[in-house]
Structure formats: C-alpha cells, structure tokens
Amino acid sequence: MEKAVTIGTFDGIHRGHRVVLETLKREAEMRGLQPVAISFDRHPLELVAPERAPGNLTSTTRKAELIRQEGVEPLILPFTEQLRNMRAYDWLVHIHRKYGVRLLVAGYDNTFGCDGIDMSIADYKTMGEAIGIEVVSAPEEEGVSSSAVRKAVKSGNIDRAISLLGHRPELEGRVAPGFHVGHEIGFPTANLQVPSQSVVPSTGVYAAMAFIEGSPVGYPAMVNIGYRPTFEGTEKESKHLSVEAHIIGSQTDLYGKDVRLEWVARIRDERKFSSIEELRKQLERDREETLGVILSNEH
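Colleague: With reference to specific residues and values, describe helix α7 (residues 146-154).
Modeller: When α7 is considered as a whole, its buried residues turn out to be Ser146, Val149, Arg150, Ala152 and Val153. Projected onto a plane normal to the axis of α7, the buried residues spread over an arc of 165° and lie on a single side. In this fold, the buried residues of α7 make contact with α1 (15-31) and α8 (158-165). Note on α7: the residue one or two positions beyond its end, Gly156, has a positive phi of about 80°.

Colleague: Quick one: what's the story with the pairing of strand β1 (residues 3-7), residue by residue and with numbers?
Modeller: The buried count for β1 comes to 5 of 5 residues, which makes it a mostly enclosed element. As judged from the 5 bridges shared by β1 and strand β2 (residues 34-40), these two strands associate in the parallel manner. Pairing of Ile7 across the sheet is with Ile38, part of β2. Two strands pair when backbone bridges link them, and β1 and strand β4 (residues 101-106) are joined in this way by 3 bridges, in the parallel orientation. The partner of Ala4 across the bridge, within β4, is Leu103.

Colleague: Would you mind going over the sheet that holds β2 in detail, with residue names and values included?
Modeller: Here 5 strands make up an open sheet; going across it, the order is β3-β2-β1-β4-β5 and the pairing parallel. The strands lining the two open edges of the sheet, one partner per strand, are β3 (73-77) and β5 (134-137). Taking each pair of neighbouring strands and ignoring which way they run, the sheet shows an average axis angle of 30°. Pairing geometry for β4 and β5, over 4 bridges, is parallel. Considered in β5, the bridge of Leu103 is made with Glu134.

Colleague: Any chance you could break down helix α6 (residues 121-131) for me, citing the residues and the numbers?
Modeller: Along α6, the positions that sit buried rather than exposed are Tyr124, Met127, Gly128 and Ile131. The buried residues of α6 occupy an angular sector of 105° when projected down its axis, which confines them to one face. Among the exposed residues of α6, those pointing more than 90 degrees away from its buried face are Thr126, Glu129 and Ala130. Each element contacted by the buried residues of α6 is listed here: α5 (88-99) and β5.

Colleague: Could you give an account of the side chain of Glu70, naming the residues involved and the relevant values?
Modeller: Looking at the element boundaries, Glu70 is found in the loop between α3 (60-69) and β3. One buried charged residue, Glu70, remains without a salt bridge, the closest side chain of opposite sign being Arg18 at 4.1 Å. Apart from the residues lying within four places of it in its own chain, the contact partners of Glu70 are Arg18, Leu21, Glu22 and Lys25.

Colleague: Explain the environment of Glu262 residue by residue, including any values.
Modeller: Note on placement: Glu262 falls in strand β11 (residues 258-268). The exposure class of Glu262 is buried, given its relative accessible area of 11%. As a C-alpha pair, Glu262 and Ala37 span 225 residues in sequence and 24 Å in three-dimensional space. Setting aside anything within four residues of it in sequence, one finds Glu262 in contact with Arg62, Arg168, Pro169, Glu170, Ala207, Ala208, Met209 and Phe211.

Colleague: Account for the pattern of salt bridges, with residues named and values stated.
Modeller: Any two side chains of opposite charge can pair, so long as their charged atoms come close to each other. Tallied over the full model, the rule gives 20 salt bridges. Where Glu170 meets Arg62, a salt bridge forms, and the shortest distance between an N and an O atom there is 2.8 Å. Here Glu170, found in strand β6 (residues 170-176), pairs with Arg62, found in helix α3; they are 108 residues apart in sequence, far enough to count as distant. Residue Glu170 shares its accessibility class with Arg62, and that shared class is buried. Here Arg87 and Asp115 are joined by a salt bridge, their closest N and O atoms 3.5 Å apart.

Colleague: Give me the lowdown on the sheet that holds strand β9 (residues 218-226), citing residues and values where you can.
Modeller: One closed barrel accounts for 6 strands, arranged β6-β7-β10-β9-β8-β11; its pairing is antiparallel. Adjacent strand axes in the sheet meet at a mean angle of 45° when their direction is disregarded. Alignment of β6 against strand β7 (residues 190-193), held across 3 bridges, turns out to be antiparallel. When the sheet's bridge partners are listed, Arg174 is paired in β7 with Gln193. Contacting β8 (204-212), β9, β10 (242-247) and β11, helix α10 (residues 276-298) crosses the sheet at an angle of about 100° to β11.

What counts as what
Note on numbering: residues in each chain are counted from 1, in written sequence order. In keeping with the predicted nature of the model, local features appear solely for residues at pLDDT of at least 70, side-chain atom pairs appear and are counted solely at 80 or more, and the whole-chain, interface and lining totals rest on all residues. Note: side-chain values were computed over all heavy atoms of the structure, leaving out hydrogens and water. Relative accessible area decides the class of each residue, using a 1.4 Å probe on protein chains only: under 20% of the type maximum gives buried, over 50% gives exposed, and in between gives partly exposed. Note on conventions: DSSP H or I runs of at least 4 residues are helices, E runs of at least 2 residues are strands, and numbering of each starts at the N terminus. The arc in question is the one spanned by the directions pointing from the helix axis to the C-beta atoms. Residues are treated as being in contact if the distance between any of their heavy atoms lies within 4.5 Å. When DSSP locates at least two bridges between a pair of strands, those strands are taken to pair. Between N-to-C directions, angles cover 0 to 180 degrees, with each direction set by a line fitted to C-alpha atoms, over the stretch in contact for helices. His is not counted, nor are the chain ends; Lys and Arg add positive charge and Asp and Glu add negative charge. Salt bridges are identified by distance alone: a Lys or Arg side-chain nitrogen within 4 Å of an Asp or Glu carboxyl oxygen.

From the geometry alone we can't say anything about function, so treat these as descriptive.
This is the structure:
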C-alpha cells in the first residue's frame, strides 16, 4: 500500500507531535494511503555532536508503542553516517522509491537532509512535485516542544511536563541489586539502572505509577531520586545519582526486570535526616501522600 509519512525524532510524543499525527491520518485517509511516522533509533545529535545530544524522554521501543497508539504505523530507521550525509532531495527520492511514499506531512519546524536546515516548506513542496510526493504542512501547537518537556522534567516540574505532553512523562530502567537500605527499614525499593541518555527528574521524592515487565497492571510507587544523604559518609552512601522505587502492592521478584515509571507528581526535596527512625517516619508520610496523589489523579 502506498504511504503518507511524516518524519521526525518524535521524542516523548507530546501534544505538538499528536497534531502532526492527526493531520497525517486525516490527509492519508482522504487519499487512501497508509499513515506512517518515520523516526530514528537515536537522536541525530548522538551521532553528529554527542556532547550536544539533549537526552531522551522515551526509549526507541516505547516511542514506537506511543506512535502506534495514535493509530499510525512507526518506521524506525537506524540513524547512520550514510543517512546523516543524505541531501534532502535524495532523501525524498529514497523514501519515494523504497517505501512508496506519495504524501509527506511536515511539522511547522520540520527539517530533514544534511542541507535541509535552511529550507522552507515551499522548498520541500518544489522538490516533492519533481519526485512525485505531495507535501503538506501540519499546524503548529505553539509553545510545545520536546526541549520544553525536557526542561520541565529535569527541573522536577511534573505538572508542566504533563501539560505539554498531554500524558505523564516516563522513565524506564532495569532493576539491579542495590544497598538494601529500604528493605532494612521496611521500605524495600527497586534500584533502577537507567540508560545514560535518559532524561531524569531533579533530585527529590516523586509519586509515580510503575509498570513492571510482564505485568498487565500498574502499581503506585514512591520514588527517590538522589544520593541518600542520610547515609553520607557510610558504605551505603550513593556516589552516583540513584533512582529507587518503592513499588506498593507488588510481590514480584523484580531483579533483572524492566520497569517503566510514569511520573504523577513531585512530593518533596531530598534531604538529610538525623536518624534512621526519622527517615522511616518521613517515608511513612511520603507513602501516604503518594497514594493520596495517585488516587486523586486516577479519578
């Protein structure tokens, strides 16, 4: 089946992305084409200028899932040196011939091709006409961008991130052995190893929903991001930023499993407590607040 496509990094699948995907579906249906979103297995800057790579709001696998949930088929391509050096005209020829593309829906700030940075939608339309690809533009969702979402998440402004995304921001990681501090004080935690390119909220305690690999349901979770300052100077001090989730109601053995956290709200700053007992009492309050926040958000 011939295709209508849009092209982009689609990191996070925010409200602006969904406007583009809705436009793609509508225009594709009018022409009897299959709607497809072409994206990449990494942010182009990870290859072009790694020091400027902005970090990822979603993994490649999760991005594909979110695109598919919007009713569009994802096509994830490896971002290689060959692709990096392809000119915009050659790129259009390539997708026309290889994938049967007949329509391209471009976002308001969409560029592609190594020479595409200075091109306008009019340039793409002219090239498309010569190749056999109709080019149309999608409307702008003003003020919404992956950069704005990353900024909100990194600052711990979960409400702002949710507003921009239209859904909860996420973080994925694999459970690895930790220091067992939580277990010793009655709050066992899953120590998450997250990919180095993931966008992680600022230090603090967060309410989240946890989705465990192989489980069909989500669980409320109280998540601490930080360095365990109460244990500073001991063997249980964290030398690196840790993400530890106390998952409420799950009895599953989590070691080696992938867990996806959906951030619901920021509860408080991380701070140092004068004793383990003081920490334990605060964690009890945090757990109650976490459950209350999640319950209020679910209704």
